[in-house]
Amino acid sequence: VRKWSEIPLAPPDKILGISEAYNKDANTSKINLGVGAYRDNSGKPIIFPSVKEAEKILLASEVEKEYTGITGSKKFQNAVKGFVFNNSGKDVNGQQLIEQNRIVTAQTISGTGSLRVIGDFLNRFYTNKKLLVPKPTWANHVAVFKDAGLEPEFYAYYETSKNDLDFANLKKSLSSQPDGSIVLLHACCHNPTGMDLTPEQWEEVLAIVQEKNFYPLVDMAYQGFASGNPYKDIGLIRRLNELVVQNKLKSYALCQSFAKNMGLYGERTGSISIITESAEASQAIESQLKKLIRPIYSSPPIHGSKIVEIIFDEQHNLLNSWLQDLDKVVGRLNTVRSKLYENLDKSSYNWDHLLKQRGMFVYTGLSAEQVIKLRNDYSVYATEDGRFSISGINDNNVEYLANAINEVVK
Ligand code: PMP
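Residues numbered from 1 in each chain as written. Predicted model: local features only at pLDDT ≥ 70, side-chain atom pairs only at ≥ 80, totals over all residues.

Per an unreviewed UniProt entry, the protein chain is named Aspartate aminotransferase, and its organism is Scheffersomyces stipitis. The annotation that UniProt attaches to the protein chain under Sequence similarities (unreviewed entry) is "Belongs to the class-I pyridoxal-phosphate-dependent aminotransferase family." (UniProt positions renumbered as here; feature names shortened; annotations may be inferred.)

This is the structure:
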């Protein structure tokens, strides 16, 4: 453009725009089910007690605010590797890959930053630009990968009319894609549907991945939210590690975030890990990641990563408190999910899908019209795809919400 006045207005962010409208609403019964951030039973955000403890230790011991490395500190990287790939000693294959220096881990600016870094990295070095994402997926996936120069395309995932996974079409649409495409897989608590594959279904998908020589890119933003235990939610990672050790898969990449499972949202703490063919390949990949990150943001922030380091450092004995904090958060979400289900009128609509879904959301299957009616008539705010963030539900509003939903589906 020649004049700034020629720049067109960009549409508001779909999720954050909802919070703005919610804030303006004067109705005291209003409910915000838009943003995927945890709220307690009184509707307030929390800091995990274990995180608060780690911050106290940090405050007492920290003597400098120097830059960390371009890809974060070794201590953070090792904490992530131990947590995710060694799985506390339970994953022998992951352990072998760590020992052979076949995992390159870099701290990134939370999960979004890790997705963008791997997007840029793949665009720079990987021959195929096509990246397959499930339909539907987190809206930002498409935006991030397009901006990174990749070509996102949907594969079938969910059948809205049945409120269920569409596994037959999922397999069919993946099989019809060109060899060597990149495929994005949600590790657990698929956003927005909350519907995950069973281990048997993953086996079938991974068979297609091997046959078509796809490059698996795993996004894990909700580790711990499926079962309440982060060490149990990584069946896909463990299976991928096994396939790599068995030489059936050469490489894969994992984007991981502590935003939800440690409640470190605004601290922007996450990582990218690339599993490589050899220690030599790891060295080259790490050097290229540094070359890529340095001109973008130079190095990641340190407050959140130091909290992670402290929680995983055995001498501070905080790991179990964190696991308990997380279990409590997930427990509340599950309780509220069942309470909502109990209060819904099953005579006019089949709500059984709610009980199969896991994570921070319920994917209701309500139409955009019904969601808009909920907003206009009941001050219930959610995205028009019918995704409700269950964090916004608590003992005080679950009956009001269920009643409003019952009215709009009548
Ligand atoms: N992936 C998915 C599927 C998500 O839902 C989110 C958070 N909404 C992210 C990645 C990244 O979140 P963050 O950048 O806050 O870590």
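Asker: I'd like a description of the packing of helix α3 (residues 74-85) against helix α11 (residues 303-312), backed by residues and values.
Answerer: Orientation of α3 relative to α11, taken along the N-to-C sense of each, is 55°, at an axis distance of 9 Å. One element, α3, and the other, α11, form an angle in the oblique class. For α3 against α11, the interelement crossing comes out left-handed. Contacts from Lys 75, Phe 76, Ala 79, Gly 82 and Phe 83 of α3 reach α11 at Ser 305, Val 308, Glu 309 and Phe 312. Per-class residue counts for the contact of α3 with α11 are five nonpolar, two polar and two charged. (Axes fitted to C-alpha atoms, helices over the stretch in contact; angles between N-to-C directions. Helix = DSSP H or I, 4+ residues; strand = E, 2+ residues; numbered from the N terminus. Parallel < 35°, antiparallel > 145°, perpendicular 65-115°, else oblique. Left-handed = near helix turned anticlockwise from the far one by under 90°. Contact = placed C-beta atoms within 7 Å. Nonpolar A, V, L, I, M, F, W, Y, C, P; charged D, E, K, R; others polar.)

Asker: Can you lay out the UniProt feature "domain: Aminotransferase class I/classII large" (unreviewed entry) in the protein chain for me, pointing to particular residues and giving the numbers?
Answerer: Mapped onto the present numbering, the UniProt feature "domain: Aminotransferase class I/classII large" (unreviewed entry) falls on residues 29-405. Counting secondary structure, residues 29-405 comes out at 45% helix and 15% strand; the distance between its end C-alpha atoms is 14 Å.

Asker: Got a sec to walk through unusual backbone geometry? Specific residues and values, please.
Answerer: Note the cis peptide between Lys 135 and Pro 136, where omega equals 0°. Looking at the secondary structure, you find Pro 136 in the loop between β3 (130-135) and α6 (139-147). In the segment running from Asn 191 into Pro 192, the intervening peptide bond is cis, with an omega of 15°. Within the element layout of this structure, Pro 192 appears in the loop between β7 (182-186) and α8 (199-211). Positive phi values are uncommon outside glycine, yet Asn 247 reaches one of about 65°. With respect to the helices and strands, Asn 247 occurs in the loop between α9 (235-245) and β9 (252-257).

Asker: Now, about the environment of Pro 178: what can you tell me, with residues and values included?
Answerer: Turning to its location among the elements, Pro 178 is positioned in the loop between α7 (167-175) and β7. Residue class for Pro 178 comes out exposed when judged on the 11 C-beta atoms lying within 10 Å of it. In the structure, Pro 178 is positioned 48 residues away from Lys 130 in sequence and 8.6 Å away in space, judged by C-alpha atoms. (Buried ≥ 20, exposed ≤ 12 C-beta atoms within 10 Å, placed from the backbone.)

Asker: Any details on the nonpolar core? Residues and values, ideally.
Answerer: In this structure, Ile 118, Val 183 and Val 218 are the most contacted members of the largest nonpolar core, which totals 107 residues. At seven residues, the largest contribution of residues to this core is made by helix α12 (residues 319-343). (Core = buried A, V, L, I, M, F, W, Y, C linked by C-beta atoms within 7 Å.)

Asker: Break down α12 for me, citing the residues and quoting the values.
Answerer: Between its terminal C-alpha atoms α12 stretches 37 Å, which fits the 36 Å expected from 25 residues at 1.5 Å a residue. All of the buried residues in α12 are Trp 322, Asp 325, Leu 326, Val 329, Val 330, Leu 333, Val 336, Arg 337 and Leu 340. Buried-residue contacts for α12 involve α2 (49-61), α11, α13 (353-356), β11 (361-363) and α15 (398-409). (Expected span 1.5 Å × (residues − 1).)

Asker: Summarise the sheet that holds β3; cite the residues concerned and give the values.
Answerer: Pairing within the open sheet is mixed, and its seven strands lie in the order β2-β10-β9-β8-β7-β3-β4. On the outer flanks of this sheet lie β2 (103-109) and β4 (151-156), each paired with one strand and no other. Recorded for the sheet is a direction-independent mean angle of 25° between the axes of neighbouring strands. Seen against the sheet, α7 touches β3, β4 and β7 and runs at an angle of roughly 145° to β4. (Pairing = 2+ DSSP bridges.)

Asker: Requested: an account of the pairing of β2, with residues and values cited.
Answerer: The side chains of a regular strand alternate, residue by residue, between the two faces of the sheet. For β2, the buried fraction is high: six of the seven residues fall into the buried class. With seven bridges joining them, β2 and strand β10 (residues 269-275) adopt antiparallel strand pairing. Note on β10: the bridge partner recorded for Ile 103 is Ile 275.

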